[in-house]
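Take a look at the letters that make up each chain.
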Amino acid sequence: TSPGYRLQLLEFSDLAQTLLLSMATTENQPVIKLLLLQTLQLLSSSSDMNCASILHVRGAEMICLHMTEADPSGQTLFRSTEILWNLLERGNKDVVTAQLSSLECVVSLKEAFLNQLLNSSQNFHLQLRNDLLVVTTLIAENPNAPLIESLFAKELVVFATFPEMKSRNSLVHNLKLTFNSEDLKMKKLLLNLLVLMSRDFAALELYREERVMPALLALVKPPAASSERRSGVRHWSVVQREELQLQALATLNTVAPLMLDDYMSCQGNTCLLLLLDWCKGHKGENYTHLSYFGHSFHSTGGRGTKKAQLRHCIRLLRSVALLGEESVNQDLCDQGVINQLLGILTQMEANPDEDDLISLEIKADIQLILSTLCDPDMHRKELFGSEGVELTLHFLKKGSDKFYSGLGHNKLILSTIDCVSCIVGCYTTEDYFLAKEGIFLLLDLLSMSPKCVHGVVLATLLELCDNPNTLCHILNWRGSSGQTAPGLLLQLWREEEEALGVPRSQHGGITGLSFLSHFHPDDIQLSFPPHVPSAAVLEVSENLRSKIYSIFCKLGFQELPGLSTRDYMTLSIIRRYLDFKVGEVWDEIRKELSLDGVRPISPDQGALTSICKVAEDTARWISEEQNSILEQQTKEDMSQEELLYTEIKSHWKQRELKAKSWDNYVSRTSNYEILKVS
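Residues numbered from 1 in each chain as written. Predicted model: local features only at pLDDT ≥ 70, side-chain atom pairs only at ≥ 80, totals over all residues. Heavy atoms only, no water.

S.K.: What's the story with the overall build of the protein in this structure? I'm lost.
M.R.: Scanning the protein from N- to C-terminus turns up 34 helices and zero strands. Its C-alpha atoms give the protein a radius of gyration of 38 Å, more than 25% over the compact-globule value 26 Å for 678 residues. Dimensions of the protein along its principal axes, counting C-alpha atoms only, are 150 × 70 × 70 Å. Burial status across the protein gives 47% buried among its 678 residues. Within the protein, counting contacts between residues at least 6 apart in sequence, those at least 24 apart form 76% of the total. Here the protein displays about 33800 Å² of accessible surface, and carbon together with sulfur accounts for 54% of that area. Averaged over its 63 positive side-chain charges, the protein has a centre that lies 5 Å from the centre of its 84 negative ones. (Helix = DSSP H or I, 4+ residues; strand = E, 2+ residues; numbered from the N terminus. Rg over C-alpha atoms; globule rule 2.2 N^0.38 Å. Buried < 20%, exposed > 50% of the residue type's maximum accessible area, 1.4 Å probe, protein only. Contact = heavy atoms within 4.5 Å. Areas by Shrake-Rupley, 256 points an atom, 1.4 Å probe, with all protein chains shown as cover. Lys, Arg positive; Asp, Glu negative; His and termini not counted. Charge placed at Lys NZ, Arg CZ, Asp CG, Glu CD.)

Put into structure tokens, the structure is as follows:
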């Protein structure tokens, strides 16, 4: 028979289950037990069905519970770990993790790991130690795993801070690292476990007790800022230290926002700004030209440079700054982070090669940090200054041509618009922004960018409209086809209504009773709870119309340049947007009261009816105004047409007179009698 046929027979024979269950009878027969484990290892490595069969009888839990039993050969732990690996790779990972998440299994794993960590030095045992740590990592992903209850988490945290932090724990006193590749893998796995366990707030207390934050910041420090290493003392190599530095930065990105007090007490901001300065280089050096290795996962895209360190440092600063903790942000600003970040942006933009995925991410993150720091504080906006305005204008000039490139230009555009908030409110920088035609750039972006950008651009324009000098810049703008800013805003309004399905006439006029929405309030079938906004209220924040209306309130509704009849029809609706919105909300209230079976008292009912009638009267008045606009346009068209026909008649009369004059001339020259009469 063929091997495939024999394998199929094995799969359907439940042999794997039988061998697993028979392990209970081999407690005093270590040789037989080892042979059973070897057979189970082979069966689990060759078939998914065998793995499913083993898991069906909770095989992962059974293997884990017996893996630490006494074995002179030392093969039981190895075979058991290999079986668990096979079950994770070929079986259902969630089922395996759930079976291994019992308290007894975690304790068994802890004992096996500690035995390999403290009593083994051969490479084979170090690899087995790391395999057990990977299994522990998978268990830590389960929020219900009892790592803290089993005290395994505390010991893992102690090992994660070694050798950066001195500890009185007896386990660390017996721990000897050789700083080889396996020890590096263990250190990185332990740092990764810090991220996974941080989901449990009880673990954060362990982090404080074992000084995790100082240990991570010690790994983050640039080589120049590290303590001098004593000769003859073994330590991480330069390449290993780079990997650990990046891993520590990635770990801090999760842990630091959860332990902000510890982060500040350890002067985390100072440490990061020193690292940022080291990434930037000194005396004209460029971080892209400095030799660095870039071998680890976190150094993607930064090989041969410090770009990976810069990327993770900026990402960590963003995570801390976006928390909005004023004391943290003030500390950053006091240490000159605004000028430092502007300098990095300038340095990156000076390099024409800085247009890859990672560079764009760094630029976008820097702009988000700046907007977060500067937005609430006038002094910080002054620190942003003309240099920041020039950089913002530089990024706005890039436009949205590469919005869908997939490299991150979309995020950069949005963060650039957000960075304009560093300018808004400070008249010095605002006027400089206006003088450099910043409003023109925003309107260019509004006219050329995808729809998903329109909301943030309009919100930024609206904020700038508080400056009286902004309005003339908006009115003076002209698009590529000669379109004016009011015309562009009215076009966006019509596109928004078309997307919402609001019915309008051929010329953009009001039709029926649907003033602003595609549905009538009588179509409402649900009553909303008090804390849930209704459709009419929610619609204000979900589309552009409220922003467009607010901008027109600043610009005014009279004497706007470059508008067509259709534009004036739309403008008449926009002028009454707030009245329509109020009426729409009251219509919803009336309908919801009816759905809830509530009848207002007579005075309230009368007031409700009058309020709803106001919206209808407003719509009727607007409709009449729109008809008047159409009639006026019709009269103008007729007048233009009559003028055109008058010109045509005049041209034909001239041609007739010219022809008659020619005939007379010919008659005089060809007939002497006629010439004498003439």
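Still more ground to cover, so stick around.
S.K.: Looking at this model, I keep getting lost on the nonpolar core. Mind explaining?
M.R.: The nonpolar side chains of soluble globular proteins are, as a tendency, buried together. Counting residues in each nonpolar core, the largest one holds 167 residues, and the members touching the most others are Y207 and L370. Every residue in contact with Y207, bar those within four places of it in the chain, is listed here: V157, L193, L194, M197, S198, V212, V255 and M259. (Core = buried A, V, L, I, M, F, W, Y, C linked by side-chain atoms within 4.5 Å.)

S.K.: Got a minute to help me understand the environment of F440 in this structure?
M.R.: Position of F440 relative to the elements: it lies in helix α25 (residues 438-448). Between the C-alpha atoms of F440 and W477, which are 37 residues apart in sequence, the distance is 6.1 Å. With near-sequence residues (within four places) excluded, F440 lies in contact with H473, N476 and W477.

S.K.: What's the story with a nonpolar patch on the surface in this structure? I'm lost.
M.R.: Residues L578, V582, W586 and I589 make up a contiguous nonpolar surface patch of about 320 Å² in total accessible area. Within the secondary structure, I589 is located in helix α32 (residues 577-595). The class of I589 is partly exposed, set by a relative accessible area of 33%. (Patch = residues over 30% accessible without salt bridge, like charges linked within 9 Å, V, L, I, M, F, W, Y side chains within 5 Å. Salt bridge = Lys/Arg side-chain N within 4 Å of Asp/Glu carboxyl O.)

S.K.: Would you mind showing me how to read helix α4 (residues 48-56) here?
M.R.: Since the α-helix packs 3.6 residues into each turn, any two residues three or four apart lie on the same face. Every buried residue of α4 is accounted for by N50, C51, S53, I54 and L55. Considering only its buried residues, α4 is in contact with α1 (3-12), α2 (15-21), α3 (30-46), α5 (59-66), α6 (75-90) and α7 (93-100). The N-cap residue of α4 is S47: its side-chain oxygen and the backbone nitrogen of M49 are 3.1 Å apart. Backbone geometry just downstream of α4 places R58 in the positive-phi region, at approximately 55°. (Polar contact = N/O pair within 3.5 Å; in protein donor to acceptor, adjacent residues only side chain to side chain.)

S.K.: Honestly, the packing of α3 against α4 in this entry has me stumped. Any pointers?
M.R.: When two helices pack together, you describe them by how their axes are tilted relative to each other and by the distance separating the axes. Contact geometry of α3 with α4 gives a least axis separation of 5 Å together with a crossing angle of 120°. Viewed along their axes, α3 and α4 adopt a mutual orientation that is oblique. Between α3 and α4, the contacting residues are L40, L43, S44 and S46 on the first element and N50, C51 and I54 on the second. For the contact of α3 with α4, a count of residues per class yields four nonpolar, three polar and no charged. (Axes fitted to C-alpha atoms, helices over the stretch in contact; angles between N-to-C directions. Parallel < 35°, antiparallel > 145°, perpendicular 65-115°, else oblique. Nonpolar A, V, L, I, M, F, W, Y, C, P; charged D, E, K, R; others polar.)

S.K.: Sorry, what's going on with the packing of aromatic side chains here?
M.R.: How two aromatic rings sit relative to each other is given by the distance of their centres and the angle of their planes. Applying the stated criterion across every chain yields a total of nine aromatic pairs. Ring centres 6.3 Å apart and planes at 65° place the aromatic pair F113 and F159 in the edge-to-face group. You can see F113 sitting in helix α8 (residues 103-119) and its partner F159 sitting in helix α10 (residues 152-160), a full 46 residues away along the chain. You'll find F113 and F159 in the same group, each marked buried. Sitting above the plane of the W278 ring, K306 keeps its charged end 3.9 Å from the centroid. A cation over an aromatic ring shows up here: R655 above the ring of W652, its NZ or CZ 4.5 Å from the ring centre. (Phe/Tyr/Trp six-rings, centres within 6.5 Å; stacked < 30°, edge-to-face > 60°. Lys NZ or Arg CZ within 6 Å of the ring centre and 35° of its normal.)

S.K.: Teacher, can you tell me more about the side chain of K363 here?
M.R.: As for its position among the elements, K363 is in helix α21 (residues 357-374). Using a relative accessible area of 1% as the deciding quantity, one classes K363 as buried. Polar side-chain contacts of K363 include one of 2.6 Å to the side chain of E349. Discounting residues that sit within four places of it in the chain, K363 has contacts with L345, M348, E349, E354, F395, K398 and L412.

S.K.: Hey, could you run me through helix α28 (residues 485-500) in this one?
M.R.: Compared with an ideal rise of 1.5 Å per residue, which puts 16 residues at 22 Å, α28 spans 23 Å between its outermost C-alpha atoms and is within 8% of the ideal. When α28 is considered as a whole, its buried residues turn out to be A485, P486, G487, L488, L489, L490, L492, W493, R494, E496 and E497. The elements touched by buried residues of α28 are α25, α26 (451-464), α27 (468-476), α30 (545-555), α31 (565-575) and α32. (Expected span 1.5 Å × (residues − 1).)

S.K.: What exactly am I supposed to notice about the packing of helix α14 (residues 212-220) against helix α15 (residues 238-255) here?
M.R.: Two numbers describe how α14 lies on α15: the axes approach to 8 Å, and their chain directions differ by 135°. Relative to α15, α14 is oriented oblique. As for the relative orientation of α14 and α15, their crossing is left-handed in sense. Contacts from M213, L216, L217, A218, L219 and V220 of α14 reach α15 at R241, L244, Q245, A248, L249, T251, L252 and V255. A per-class count over the contact of α14 with α15 returns eleven nonpolar, two polar and one charged. (Left-handed = near helix turned anticlockwise from the far one by under 90°.)

S.K.: Honestly, the pattern of salt bridges in this entry has me stumped. Any pointers?
M.R.: When charged atoms on two side chains of opposite charge get close, those side chains can pair. Throughout the structure, instances matching the rule amount to 30 salt bridges. K436 is the salt-bridge partner of E390, the closest N and O atoms lying 3.8 Å from each other. Remark: K436 occurs in the loop between α24 (427-435) and α25 and E390 occurs in helix α22 (residues 378-396); sequence separation between them is 46 residues. With a relative accessible area of 34%, E390 lands in the partly exposed category. Here the salt bridges share partners, and the residues they tie into one network are K154, E209 and E210.

S.K.: Sorry, what's going on with the state of the cysteines here?
M.R.: In protein chemistry, a disulfide is the covalent bond that joins the sulfur atoms of two cysteines. One pass over the structure, following the stated rule, counts zero disulfides. C452 carries a free sulfur, and the closest cysteine sulfur to it, the one in C419, is 19 Å from it. Note on C452: relative accessible area 55%, which makes it exposed. Of all cysteine sulfurs, the one in C465 lies closest to C553, which takes part in no disulfide; the gap is 11 Å. (Disulfide = S-S within 2.5 Å.)

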